[in-house]
Amino acid sequence: MSESRSSADSAQNPSDSSATKALMSGRPEPECIRLDVRAGMTPSDKPPVRIYLGTQPAQYRAERAFIWSIEKVRDPSRVYEIYVMRELAGFDRSRWTTGFTNYRFAIPEFAGRNGRAIWNDVDQIYLADPAGLFDLDMDGHGFLAIAPGGQVDTAVMLLDCERMAEVWSLDEARHGGKKALIKKAMAVPGLHGLLDVE
């Protein structure tokens, strides 16, 4: 009896089953594309530049352009790790504006809760070495982002993953709302620092 009632409920609410499918499907963690030290170069003693790229299947060409732009301007003596955040399992993407909206808030967890990481939306390219952003003095802030008109824009961020793991949990990234998660971070005094776009 309960089984037939459950099936009827699912038939009446097809969005429930599609949301569940969106929540469960995908890869368990981001794919890492590693740009190693170029042949003949003395390896840098600086840490790898970690970049998390928010994307979705329809943006395959934009992904290629993004990665190519880094290859063209990067420090050839340094390692760059580009983590492609696309269709990750466990995230309810049914309410997102894009196919990658909340992945940015999961970076601290995927990065092991330590070190730094850059977040980029897929519709961007680099015209200068991203190491310049990665190595910025964060002046004690947990994340740097631009704030045009006083509104924080998280399309590009530099994160201190240890600090931000205390604010954004993986569960919140999977089930929470973007505005609420930004508001939560902004409520912590001194956590946000302005990113200079010049």
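What this report covers is the structure whose coordinates are included nearby. Only a predicted model underlies this, so the values are computations on that prediction, with no experimental measurement involved.

Quick look at the sheet that holds strand β7 (residues 192–194)
And then number 1: Pairing in this open sheet of 7 strands is mixed, and the strands run β1-β3-β2-β4-β6-β5-β7 from one edge to the other. Taken across any chain shown, the strands that pair with only one partner, and hence form the sheet edges, are β1 (31–35) and β7. Here the strands of the sheet are splayed against their neighbours by 25° on average, with no regard to which way each runs.
And then number 2: The pairing of β1 with strand β3 (residues 80–85) spans 5 bridges and is antiparallel. From the neighbouring strand, Glu-31 faces β3, where its bridge partner is Val-84.
And then number 3: Across the face of the sheet, helix α3 (residues 60–73) comes into contact with β1, β2 (49–54), β3 and β4 (116–121) while running at roughly 170° to β3.

Remarks on helix α8 (residues 178–186)
And then number 1: When α8 is considered as a whole, its buried residues turn out to be Leu-181, Ile-182 and Ala-185. Around the axis of α8, the buried residues are gathered within 100° of arc, so they sit on the same side. Residues of α8 that are exposed and angled more than 90 degrees away from the buried face: Lys-179, Ala-180 and Lys-183.
And then number 2: Those residues of α8 that are buried are in contact with β5 (143–146), β6 (153–160), α6 (161–164) and α7 (170–175).

Describing the side chain of Arg-74
And then number 1: Secondary-structure assignment places Arg-74 in the loop between α3 and β3.
And then number 2: A polar contact of 3.1 Å, which involves the side chain of Arg-74, links it to the backbone oxygen of Arg-78.
And then number 3: In contact with Arg-74, not counting residues within four places along its chain, are Leu-35, Asp-36, Arg-38, Tyr-80 and Asp-129.

Notes on the side chain of Glu-81
And then number 1: Here Glu-81 shows up in strand β3.
And then number 2: Overall, Glu-81 belongs to the buried group, its relative accessible area being 13%.
And then number 3: Not counting residues up to four positions away in its chain, the partners in contact with Glu-81 are Cys-32, Ile-33, Arg-34, Pro-48, Val-49, Arg-50 and Ile-51.

Quick notes on the rules
- Residues numbered from 1 in each chain as written.
- Predicted model: local features only at pLDDT ≥ 70, side-chain atom pairs only at ≥ 80, totals over all residues.
- Heavy atoms only, no water.
- Pairing = 2+ DSSP bridges.
- Helix = DSSP H or I, 4+ residues; strand = E, 2+ residues; numbered from the N terminus.
- Axes fitted to C-alpha atoms, helices over the stretch in contact; angles between N-to-C directions.
- Contact = heavy atoms within 4.5 Å.
- Buried < 20%, exposed > 50% of the residue type's maximum accessible area, 1.4 Å probe, protein only.
- Arc of directions from axis to C-beta.
- Polar contact = N/O pair within 3.5 Å; in protein donor to acceptor, adjacent residues only side chain to side chain.

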